[in-house]
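Notes for the structure review
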Amino acid sequence: GHCQRVSVKKKESDDYIWVQFQDILYDIDVPDAFRSPIQSVPLDYDTASFYDQRKDAIEQRLADLIKWSPDELCGFVSERWDTCSSVSASPANWELFSSLNHLLSLMKCFTGEQLSSLCRRLVMNHRHTRSGFPDLTMWSTQSGRVTFVEVKGPNDRLSNKQILWLDYLTAIGIEALVCHVEEVNGGKYLSPKKKNATASPIKKRKRKSSADDFIW
């Protein structure tokens, strides 16, 4: 089973991934990317030119994520945490994690290839891939297992972007599930704190990917 989780808002769904690219985001000199000292992101953040103008550095970082040992990855993330977690003008919401160890426990559950592939989809075309990310990130430090879960209530359907993310995560070897929450007690939703609260078990949903808008 899973012993830790992060529940995120859609706008914060990929925040912890940007921990790997904090230096590339701010330290590379791209003309006219920053016009104000209080900007949280460069002006080309959600454009195709974001990747194009930083391609060499991004590709090197993606390659590093694959070849780094777990200790090297943790050392890099720890350094990013120490230097950047107090910066408020940032796309990364550091408060998603209660501590550095909380974040590191998640990082250790990914293989280098998985983490690199996850980051690649986000940084190459962030404008089109920032939406649809699953609601929950769950992981176990004991088993090294990580699972992304999209939660759906009654009569709630998966959007195309959610399907694309679930398919992509599965394709790169990360477990991605849909949790269908059922109505109970005459259609009224009960708080999880109540003793008689129930929810359907997590189960996989067969999905069909759309070749027209699948962005890798």
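Definitions and cut-offs
- Residues numbered from 1 in each chain as written.
- Predicted model: local features only at pLDDT ≥ 70, side-chain atom pairs only at ≥ 80, totals over all residues.
- Heavy atoms only, no water.
- Helix = DSSP H or I, 4+ residues; strand = E, 2+ residues; numbered from the N terminus.
- Buried < 20%, exposed > 50% of the residue type's maximum accessible area, 1.4 Å probe, protein only.
- Contact = heavy atoms within 4.5 Å.
- Phe/Tyr/Trp six-rings, centres within 6.5 Å; stacked < 30°, edge-to-face > 60°.
- Lys NZ or Arg CZ within 6 Å of the ring centre and 35° of its normal.
- Pairing = 2+ DSSP bridges.
- Expected span 1.5 Å × (residues − 1).
- Salt bridge = Lys/Arg side-chain N within 4 Å of Asp/Glu carboxyl O.
- Axes fitted to C-alpha atoms, helices over the stretch in contact; angles between N-to-C directions.
- Parallel < 35°, antiparallel > 145°, perpendicular 65-115°, else oblique.
- Left-handed = near helix turned anticlockwise from the far one by under 90°.
- Nonpolar A, V, L, I, M, F, W, Y, C, P; charged D, E, K, R; others polar.

Looking at the environment of Leu62
By the secondary structure assignment, Leu62 is in helix α3 (residues 55-67). Taking the relative accessible area as the measure of exposure, Leu62 reaches 1% and is therefore buried. For the pair Leu62 and Arg120, spaced 58 residues apart in sequence, the C-alpha to C-alpha distance is 7.1 Å. If we ignore the near neighbours within four places in the chain, the residues touching Leu62 are Phe21, Ser116, Cys119 and Arg120.

Some words on the packing of aromatic side chains
Evaluated as defined, the whole model comprises 8 aromatic pairs. Ring geometry for Tyr26 against Phe34: centres 5.9 Å apart, planes inclined by 35 degrees, an arrangement best described as tilted. Residue Tyr26 is classed as partly exposed on the basis of its relative accessible area, which comes to 25%. Between Trp68 and Phe76, the aromatic rings sit 4.9 Å apart at their centres with planes inclined by 40 degrees, giving tilted as the arrangement. Taken together, the aromatic side chains of Phe110, Phe133, Phe148, Trp165 and Tyr168 make up a single cluster linked through ring pairs. Positioned above the aromatic ring of Tyr168 is the side chain of Arg121, whose terminal nitrogen or guanidinium carbon lies 5.3 Å from the ring centre.

Here's the deal with the pairing of strand β3 (residues 145-152)
The buried fraction of β3 is high, at 6 of 8 residues. Two elements, strand β2 (residues 136-140) and β3, share 5 bridges in a ladder whose sense is antiparallel. Note that in β3 the partner of Trp139 across the bridge is Val146. The antiparallel hairpin formed by β2 and β3 contains 4 residues in its connecting segment, where Gly144 sits at a positive phi of about 70 degrees. Sheet analysis places β3 next to strand β4 (residues 175-180), joined by 6 bridges and oriented parallel. Counted as the bridge partner of Thr147 is Glu175 from β4.

Points about helix α8 (residues 160-171)
If you check α8, its first and last C-alpha atoms are 16 Å apart, about what 12 residues at 1.5 Å a residue would give, namely 16 Å. Here α8 has its buried residues at Gln162, Ile163, Leu164, Trp165, Leu166, Asp167, Tyr168 and Leu169. Looking at the buried side of α8, the elements it contacts are α6 (112-124), α7 (126-129), β3 and β4. At the exit of α8 stands Gly173, carrying a positive phi of roughly 90 degrees.

A look at the pattern of salt bridges
Between side chains of opposite charge, a pair can form when the charged atoms approach closely. The final tally for this structure, using the stated rule, is 9 salt bridges. Between Arg61 and Asp23 there is a salt bridge whose closest N-O contact spans 2.9 Å. Of this pair, Arg61 sits in helix α3 while Asp23 sits in helix α1 (residues 22-27); the two residues are 38 residues apart in sequence, bridging distant segments of the chain. With a relative accessible area of 16%, Asp23 lands in the buried category. A salt bridge links Lys152 to Glu150, with the nearest nitrogen and oxygen atoms 3.8 Å apart. For Lys152, a relative accessible area of 5% translates into the label buried.

Quick word on the packing of α6 against α8
At their nearest, the axes of α6 and α8 sit 10 Å apart, and the two run at 150 degrees to each other. Judged by the angle between their axes, α6 and α8 are roughly antiparallel. Considering only the axes of α6 and α8, their crossing is right-handed. Of the residues in α8, those in contact with Ser117, Leu118, Arg121 and Leu122 of α6 are Leu164, Trp165, Tyr168 and Leu169. When its residues are assigned to classes, the contact of α6 with α8 shows 6 nonpolar, 1 polar and 1 charged.

None of the figures reported here should be taken as evidence of function without further support.
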